[in-house]
Amino acid sequence: MLGTFGVWGSHQEWAGRIGEIEALGYGAFWIGGSPDISLVEDALNTTESITIATGIVNVWQSEPEAVAAEFHRLASDRFLLGVGVGHPQLDQAYEKPYDKLVSYLDRLDVPADRLVLAALGPKVLKLAADRTAGAHPYLVPVEHTAEARKVLGDKLLAPEVTVVVEEDAEVARAIAREKLSFYFSLTNYTNNWQRYGFTAEDVKGSDRLVDALVAHGSADQVAAKLRAHVDAGADHVAVQSLNGHHAELADALGLRR
């Protein structure tokens, strides 16, 4: 359904152009940034075979009944619904994030095999394994992919991986930090990184952290780092490129036929 590699990007950037990603051989396009599910229809209408996924519908912002109604109205076997808690620190959270996810799933009338959860910690990964088709982690090192595979068993594991196609490491890190700076103050991310040995100083944006989270280098070097997630247990990798080069990456990954 997804292929081994897809693209993660904003609807604003790619509206009307997702067919370009399809033509390059990527198997899925993930609409990122807590999208409204109504954006999926445009993506489906402008493509032929690529899977359209949400990465992710925010449970604090979209009622499950409305999401389910849109899912069934679209009635497309090319649509995979990703949901998650987004950034709880930024929302009016009247429930704990885990409890909110559970109550949301209880009310979300969507087939489990067409649904994935944004999951970082082991508790939510286990929930994804028990109640959905699998997990869509965001901004994680390859070690997380290996651990997530153990928790998920044979369920789908589709991490987002951020990349910068740039051979000058300092330039690449600067591009990455500009994007990642938003996440350095979000505890769901910083706590997760610290599970994998990063220090309180690292999670403020050290070179060590950036290099672990963001694949950078030539297209071939980035492709090798993306394949490392597959080797660690990912079924699919959603590639978020911060500076384009999707065609070069498609060639390096052997996607174009």
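Residues numbered from 1 in each chain as written. Predicted model: local features only at pLDDT ≥ 70, side-chain atom pairs only at ≥ 80, totals over all residues. Heavy atoms only, no water.

Under the defined criterion, the tally for this structure stands at 16 salt bridges. Here Arg173 makes a salt bridge to Glu170, at a shortest N to O gap of 2.6 Å. With Arg173 and Glu170 both in helix 8 (residues 169–180), this residue pair falls three residues apart, about one helical turn. For Arg173, a relative accessible area of 12% translates into the label buried. Taken together, the shared-partner salt bridges connect Glu170, Arg173, Arg177, Asp207 and Asp211 into one network. (Salt bridge = Lys/Arg side-chain N within 4 Å of Asp/Glu carboxyl O. Helix = DSSP H or I, 4+ residues; strand = E, 2+ residues; numbered from the N terminus. Buried < 20%, exposed > 50% of the residue type's maximum accessible area, 1.4 Å probe, protein only.)

What follows is about the pairing of strand 9 (residues 160–165). Within strand 9, six of the six residues are buried, which leaves the element mostly enclosed by the surrounding structure. The side-chain alternation of strand 9 yields two buried faces, one formed by Glu160, Thr162 and Val164 and the other by Val161, Val163 and Val165. Where strand 9 lies against strand 11 (residues 237–241), four bridges are found, and the strand directions are parallel. Bridge pairing in strand 11 places Glu160 opposite Ala238. Where strand 9 lies against strand 10 (residues 214–217), four bridges are found, and the strand directions are parallel. Pairing of Val164 across the sheet is with His216, part of strand 10. (Pairing = 2+ DSSP bridges.)

With that settled, consider unusual backbone geometry. Along the chain, Gly55 connects to Ile56 via a cis peptide bond; the corresponding omega equals 0 degrees. Among the structural elements, Ile56 can be located in the loop between strand 3 (51–55) and strand 4 (57–58). Phi angles above zero are rare outside glycine, and Leu139 is one such case at about 60 degrees. With respect to the helices and strands, Leu139 occurs in the loop between strand 7 (134–135) and helix 7 (142–152). For Leu139, a relative accessible area of 1% translates into the label buried. For His245, which is not glycine, the phi torsion reads 65 degrees and is therefore positive.

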